Amino acid sequence: MTDHLPHTLRSDALDNRERILDAARALFSADGLDVPMREIARRAGVGPATLYRHFPTKQMLVAEAFADQLRACRTIVDEGCADPDPWRGLCLVIEKICELHARDRGFTEAFLSTLPGAPDVAGREYTVKAVAGLAQRAKDAGHLRPDFVLDDLILVLMANKGIHATSTATQIMASRRFAGLAIQAFEACPHHAPLPPAARLAPAAPASA
């Protein structure tokens, strides 16, 4: 019986770790990164000591909770930068990053925030540098308006985070349209390509008498 004990402990520890990460993702998405670690432990059904044994700091927990989204974000940025047409690559980045953030506002919170002692919590430094180079290439090609600054893209992400809908599908639909509007605003010589379909975010206006 003792032969199976180490394996059992490893299995229990893995289960605890996954419960902690699931609870953290849910709470971060709903309430932001200010959620107390004790509340995350309570939601996960573990004691604070167990939580801190797996994740000694909140910074480590945030980074691990959003590791998949970070990898997806880097893949999007790399794909955009690899496009020989920098404007098309930048548009792809804006569209896909907005959709990624629309799927998980907790990741947006992590990306836009700066936790003390946690440099580059969500890979922001890598993303910012890569997008800055892509934006400069798009400017040099005459497609991106010359007064564009990276803070404009942060504004887009902040506004995109504010989109609330009754379902994830509707939220993504609204995010795609918003990204289309942002792209038109950033274009040096806009030709107003058709926008993605609009999403119903508010009740229909009452019919006129």
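Residues numbered from 1 in each chain as written. Predicted model: local features only at pLDDT ≥ 70, side-chain atom pairs only at ≥ 80, totals over all residues. Heavy atoms only, no water.

Enquirer: Hey, could you run me through the packing of helix H7 (residues 105-112) against helix H9 (residues 150-161) in this one?
Expert: Two numbers describe a pair of packed helices, the interaxial angle and the distance between the axes. One can describe the packing of H7 onto H9 by two numbers: an axis separation of 10 Å at closest approach and a directional angle of 145°. The handedness of the crossing between H7 and H9 is left-handed. Packed against H7, whose contacting residues are Arg 105, Thr 108, Glu 109, Phe 111 and Leu 112, the element H9 presents Ile 154, Leu 157, Met 158 and Lys 161 at the interface. Here the residues of the contact of H7 with H9 are counted per class, giving five nonpolar, one polar and three charged. (Axes fitted to C-alpha atoms, helices over the stretch in contact; angles between N-to-C directions. Helix = DSSP H or I, 4+ residues; strand = E, 2+ residues; numbered from the N terminus. Left-handed = near helix turned anticlockwise from the far one by under 90°. Contact = heavy atoms within 4.5 Å. Nonpolar A, V, L, I, M, F, W, Y, C, P; charged D, E, K, R; others polar.)

Enquirer: In this structure, what is going on with the nonpolar core? I would like to understand it.
Expert: One recurring pattern in soluble globular proteins: nonpolar side chains tend to sit buried together. Ranked by internal contacts, the top residues of the largest apolar core, which has 48 residues, are Ile 40 and Leu 61. A per-element tally of this core places helix H6 (residues 86-103) first, with nine residues. Not counting residues within four places of it along the chain, the set of residues in contact with Ile 40 comprises Ile 20, Ala 23, Ala 24, Leu 27, Phe 28, Val 35, Leu 51 and Leu 61. (Core = buried A, V, L, I, M, F, W, Y, C linked by side-chain atoms within 4.5 Å. Buried < 20%, exposed > 50% of the residue type's maximum accessible area, 1.4 Å probe, protein only.)

Enquirer: Which parts of the structure should I look at to understand helix H2 (residues 37-44)?
Expert: Of all the residues in H2, the buried ones are Met 37, Ile 40, Ala 41 and Ala 44. All buried residues of H2 lie within an arc of 100° about the axis, which places them on one face of the element. Of the exposed residues in H2, the ones pointing more than 90 degrees away from its buried face are Arg 38 and Arg 42. (Arc of directions from axis to C-beta.)

Enquirer: What is the right way to read the layout of surface pockets from this model?
Expert: The gaps left among the atoms become clear once a water-sized probe is rolled over them. As a volume, the largest pocket reaches approximately 190 Å³. Put simply, the parts of the chain that give the lining of the largest pocket at least two residues each are H6 and helix H10 (168-186). Taken together, the residues of the lining of the largest pocket break down into seven nonpolar, three polar and two charged. (1 Å grid on protein atoms, 1.4 Å probe; cavity = no way out; pocket = protein on both sides within 12 Å on 5 of 7 lines; lining within 4 Å. Points joined across faces, edges and corners; volume = space filled by probe spheres on them.)

Enquirer: I'm lost on the pattern of salt bridges in this one. Help?
Expert: Here the idea is simple: oppositely charged side chains can pair when their charged atoms come close. Inspection of the entire model under this criterion finds nine salt bridges. Between Arg 103 and Glu 99 there is a salt bridge, with its nearest N and O atoms 2.8 Å apart. On the criterion of helical spacing, the pair formed by Arg 103 and Glu 99 is a turn pair, its members being four residues apart in helix H6. One network of salt bridges, with partners in common, ties together Glu 99, Arg 103 and Arg 176. (Salt bridge = Lys/Arg side-chain N within 4 Å of Asp/Glu carboxyl O.)

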